[in-house]
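Below, each chain spelled out in residue letters.
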Amino acid sequence: MDPHAPQACAVVTGYNDTPRVRATVRSVLAQGPAVREVLVVDDGSTDNGAEPLARLASIDPRVRVLRRRVHSGGRGSPRNTGLDRVTSPYVMFLDGGDALLPGAVTALLGARAEVASGLCARPARRPLLVHDTVCGNKLYRTDFLHDHGIRFPEGRFAHENVVFHARVLAAGPDIALVPERVYAPRAPRSPDTGALTEAYRLAYDILLAAGREELARAVRAGHGAEPAPHVAARSRGVVAVVRGGLRRLID
């Protein structure tokens, strides 16, 4: 696979946050031709941001703006709206205020070399992967998510990334790691302790039901401590691919 070929889609979500959404979209477009499409999902905003987003779409045909009529109250629903419309082989999820660092998408798509060298990580052998729940530093195979019915929790569900990540790991992916720093997150939000505990409880149940006992134990051992965004930003990028993904990724 040519890491410069247009293979990736970025789903960028926002609510009454147009300036930061625009900045995030620009960081994606700056990745160059490796990005095939950018789906901007406006979650029922009331800040009159439609015109600036429409201008972005008129300047670059890779940008499409999707508008939800009613605010969902969370981040999972708009991400699912974008996921349903992805046409690219790979997808990533960003919020307004996040930023991709230069060369991030090319680095993630170039993970083929890591897989070919046998450096593909099986989550069962690296249980600490359960704690890297941030979505912005990862590129997912779109068909992997669709084939396994993996989606974000809908509605007013906080810490949706924790449950989404557990659903990905429960499906048994191969994961290629790249050494480059690829992602700068928006300022951290104050966690809702009760919601975070509930999200990790669901993650534990998902992994246990899928027979991923070691990963479920790792979730419990972490005491529900989601990594701070600045820690995730220093972590290596991740490409989650379908089980048996060596052939698919190399092809």
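To keep things clear, this report deals only with the structure shown in the data block. (Residues numbered from 1 in each chain as written. Predicted model: local features only at pLDDT ≥ 70, side-chain atom pairs only at ≥ 80, totals over all residues. Heavy atoms only, no water.)

1. Considering the packing of helix α8 (residues 193-209) against helix α9 (residues 213-221)
- With their axes 8 Å apart at the nearest point, α8 and α9 run at an angle of 165 degrees to one another. In terms of orientation, α8 and α9 fall into the roughly antiparallel class. α9 is crossed by α8, and the crossing has left-handed handedness. Contacts from Y200, Y204, L207 and L208 in α8 reach E213, L215, A216, V219 and R220 in α9.
- A class-by-class count of the residues in the contact of α8 with α9 yields seven nonpolar, no polar and two charged. (Axes fitted to C-alpha atoms, helices over the stretch in contact; angles between N-to-C directions. Helix = DSSP H or I, 4+ residues; strand = E, 2+ residues; numbered from the N terminus. Parallel < 35°, antiparallel > 145°, perpendicular 65-115°, else oblique. Left-handed = near helix turned anticlockwise from the far one by under 90°. Contact = heavy atoms within 4.5 Å. Nonpolar A, V, L, I, M, F, W, Y, C, P; charged D, E, K, R; others polar.)

2. Quick word on the packing of helix α1 (residues 18-29) against helix α2 (residues 50-59)
- The N-to-C vectors of α1 and α2 enclose an angle of 15 degrees; their axes lie 10 Å apart at closest approach. By the criterion of interaxial angle, the relationship of α1 to α2 is roughly parallel. Of the two possible hands of crossing, α1 and α2 adopt the one that is right-handed. Listed contacts from α2 to T18, V21, R22 and V25 of α1 are P52, L53 and L56.
- Grouping the amino acids of the contact of α1 with α2 by side-chain chemistry returns five nonpolar, one polar and one charged.

3. A look at the packing of aromatic side chains
- One pass over the structure, following the stated rule, counts five aromatic pairs.
- Every member of this aromatic cluster is reached through a ring pair, and the members are F93, Y140, F152 and F164.
- Against the face of Y204 rests R220, its NZ or CZ located 4.0 Å from the ring centre. (Phe/Tyr/Trp six-rings, centres within 6.5 Å; stacked < 30°, edge-to-face > 60°. Lys NZ or Arg CZ within 6 Å of the ring centre and 35° of its normal.)

4. Remarks on the environment of G76
- Looking at the secondary structure, you find G76 in helix α3 (residues 76-83).
- Given the relative accessible area of 0%, G76 is considered buried.
- If sequence neighbours within four positions are ignored, G76 has contacts with F152, P153 and E160. (Buried < 20%, exposed > 50% of the residue type's maximum accessible area, 1.4 Å probe, protein only.)

5. Remarks on the pattern of salt bridges
- Under the criterion given, the structure shown has 16 salt bridges.
- R79 serves as the salt-bridge partner of E160, at 3.6 Å between the closest nitrogen and oxygen. With E160 in helix α7 (residues 160-170) and R79 in helix α3, this pair connects stretches of sequence that are 81 residues apart.
- Assessed through its relative accessible area of 1%, E160 is described here as buried.
- Here R79 falls in the buried class, since its relative accessible area comes to 3%.
- A salt bridge links D143 to R141, with the nearest nitrogen and oxygen atoms 3.2 Å apart.
- Owing to a relative accessible area of 22%, D143 belongs among the partly exposed residues under this scheme.
- Connected through salt bridges with shared partners, the residues R75, R79, D95 and E160 form a single ionic network. (Salt bridge = Lys/Arg side-chain N within 4 Å of Asp/Glu carboxyl O.)

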